[in-house]
Amino acid sequence: MNDVLLEMTSVGKRYGIRNTKKALEEFSVTLQEGMCLALIGRNGAGKSTALKIMANVLKPTEGRVVVHGRVSYVPENMGIYPNLTVEENVKFFSDISEGHSDYESILSRLNIMGSSKVLASHLSKGMRRKLSVAVAMAQNPDVVIFDEPFDGVDQTSSEEIVAMIRDMKKHNKAVVLSSHNISYIDSIADEVIVIDSGRIVRRIKLPLEGMKVVRFAAAYEEVDEVLKSLGLKYDISGFPYVRISAGSTQEDLNSMLVHSGLRVLEFRDLTIAEIYRGVLNDVSVTVQS
Amino acid sequence: MTLALQFRAEIKKQFILMKRSTAAPMMVLATFLLAMVSTAELAWNTPIYMTIPLQFSLATFSGSFVSFFILFMVYPSLSISEEKENGTYDVIRSSTHDTTGLDVARLIFNIIFAGVLTVTAVAGFIFMLLIRYGMLSNHVEIVVDHLIYNYIFGYSGLPSVFLTHTKTYIDEGFSLGLFMMDIAILFISILPPVLVGLIFSRISMKRSTSVISSVIFYLVIFNIYPYLISVNDALSVKYLYAGISVLFPGSPLSLADTYLGFTTVRISGGGFFSLPNQYFPAWILWALLSYVIIILLILYFMPSIGGVMDWRKK
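Residues numbered from 1 in each chain as written. Chains lettered and ligands numbered in written order. Predicted model: local features only at pLDDT ≥ 70, side-chain atom pairs only at ≥ 80, totals over all residues.

J.: Would you mind going over unusual backbone geometry in detail, with residue names and values included?
T.: Residues and elements named next belong to chain A. Its identity is not glycine, yet Asn140 carries a phi of approximately 50°, on the positive side. Relative to the assigned elements, Asn140 resides in the loop between helix H4 (125–138) and strand E6 (143–147). On the neighbour-count criterion, Asn140 (18 C-beta atoms within 10 Å) is partly exposed. (Helix = DSSP H or I, 4+ residues; strand = E, 2+ residues; numbered from the N terminus. Buried ≥ 20, exposed ≤ 12 C-beta atoms within 10 Å, placed from the backbone.)

Next comes the structure, spelled out in structure tokens:
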């Protein structure tokens, strides 16, 4: 079993003169070596507050945070000096935290070595974001915390950041990130936490197994009847997409559906984005009711 | 080992940032101009108090007020507040548990820079005094005073309700040792305002808050105490004020002079110009220009308020 690098137990954060405004409640999480945890949620849900507490930037008003190892934090506004060059930024943060002396390899891996003498303020937003990742890596951390790492970044740069995060995981570093861009989370996260109004509303372990999304070329009633007759657990509320719980393997379920006479147009895993939308709908329904 | 590394890295970073920023040369320029403006008022009024145009009084007020406030408080405030805005402050706090090395380096850098500004201000005083007294006097002793009350309550030389009035001494003997001592007093007096500036920037999240806090602090220190003295005439308050006056030069130095015998700048006349007074109207324009520069400087450092920085980038 991998070592625990960060543990938060029942952490809460309140703001205001009388601590009346709750930003985070009963937030508990355990982060192990080589693990990537993603926090998702609406704006103002409490993601950044949770990350800042993990990074020791904010003190919690309740609960306990235990960190084993070094943490580096990449804030949403990137945390780099605009009037220092790429190289000077990386070197400064490396020096103050006694991090990597070989920062050139980090810059090369992120494909920004060519801009090492360029002022950070002269870089594009995507390049600045990559620089902020390089700054985090230069500190040789055990835990890296990213607040919106894909915000304003083009696809190529995002993929480079994703590759870097995968590399960190391989080297047993733990990564925590928050993101509005859920499309990259599927491929890097081991666990996703959905936050709403400062509370954890869903924990999702990845990869998602057992839940399939199927699109049929058939009428609603026919699909409903056949699935019922097959004894499957399913949710047809999103027709023509139907979520089916696959107790058996993907191939078994697929052949079962084909032999049932229904024409299958699409057969795939449920995505985080779909679960997230479902969670948000549930939350909205709860709030309304 | 870590502390030494942190110290070295921070000092190096601060010097690189100072070299690259437009802030540092603008600060030096503004300090020079404002020191001249502050001195100009005294020079203009001395030895005979004269009627001064309203614009000039406004400009000299800004010079007296803003120069010291910029000199001692704003620059250190800006540096940390800027870090808070660009997120580097949080990155540093998350990656290093002990920031003593960084804090000490920052303090020392700010003292060095404030020292540079002090020398610049003294150069501004000297330059103006040479122009004014060049051929009139071989020796000048001058005491900086709080100007605004002179304009509001009259500058006849009589004590106002705030007990402050312009004081100048002419034809005092000049000695290099005395002159160096005055500069040393100015330099030592930098420490508390730099610390206060750093404290404000620690507390506030934005540069604008930091600057506003510094202004409020300035107003309270320099105006409430004289008021208390004048209203209550309490001896303990007088001594306290005298102590503060020594630590915070500028407006209350005349009181410090009264109680403790300190003066600010003594300078020997030189004789750059044979007819100094003919140049004086030009300095009124300089004064107004300085006022405009200071406004732009403050806007430049507070893009959230003035938007000048954004406009410049576009």
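Additional details are given in the paragraphs that follow.
J.: Break down the interface of chain A and chain B for me, citing the residues and quoting the values.
T.: Chain A puts 23 residues into the contact, and the matching count from chain B is 20 residues. Mapped onto the side of chain A that touches chain B, the elements with two or more residues apiece are strand E5 (71–74) and helix H2 (86–96) of chain A. Partitioned by chemical class, the residues of the side of chain A that touches chain B number 13 nonpolar, seven polar and three charged. (Contact = placed C-beta atoms within 7 Å. Nonpolar A, V, L, I, M, F, W, Y, C, P; charged D, E, K, R; others polar.)

J.: Describe the pairing of strand E8 (residues 191–196) of chain A, listing the residues and the values that go with them.
T.: Residues and elements named next belong to chain A. Counting buried positions along E8 yields five of six residues, so the element is predominantly enclosed. As paired strands, strand E3 (residues 36–41) and E8 are joined by five bridges and run parallel to one another. Within E8, the residue paired with Ala38 across the bridge is Val192. Sheet topology places E8 next to strand E9 (residues 199–205); six bridges connect them, and they run antiparallel. Across the sheet, Ile195 pairs through a bridge with Ile200, a residue of E9. Count of turn residues in the E8/E9 antiparallel hairpin: two residues, of which Ser197 carries a positive phi of about 50°. (Pairing = 2+ DSSP bridges.)

J.: Before we move on, can you summarise the environment of Asp154(A) with the specific residues and values?
T.: In this structure, Asp154(A) sits in the loop between E6 and helix H5 (155–170). Sequence spacing of Asp154(A) and Met127(A) is 27 residues, and the spatial spacing of their C-alpha atoms is 9.7 Å.

J.: Describe in detail the packing of H4(A) against H5(A), supporting the description with residues and values.
T.: Residue and element names in this part refer to chain A. Packing of H4 against H5 leaves a shortest axis separation of 10 Å and a crossing angle of 10°. If you check the angle between H4 and H5, you find them roughly parallel. Facing Gly126, Arg129, Lys130 and Val133 of H4, the residues of H5 in contact are Ser157, Glu160, Ile161 and Met164. Residue composition of the contact of H4 with H5, grouped by class: three nonpolar, two polar and three charged. (Axes fitted to C-alpha atoms, helices over the stretch in contact; angles between N-to-C directions. Parallel < 35°, antiparallel > 145°, perpendicular 65-115°, else oblique.)

J.: I'd like to hear about the sheet that holds E3(A), residue by residue, with values.
T.: Two strands in a sheet stick together by hydrogen bonds in their backbones, pointing the same way (parallel) or opposite ways (antiparallel). Residue and element names in this part refer to chain A. As summarised here, the arrangement of the six strands in space is E5-E6-E7-E3-E8-E9, forming an open sheet in which the pairing is mixed. Each edge of the open sheet is held by one strand with a lone partner, namely E5 and E9. Looking at each pair of strands side by side, their axes are set apart by 15° on average, direction ignored. Contacting E3, E6 and strand E7 (174–178), H5 runs over the sheet at an angle of about 145° to E7.

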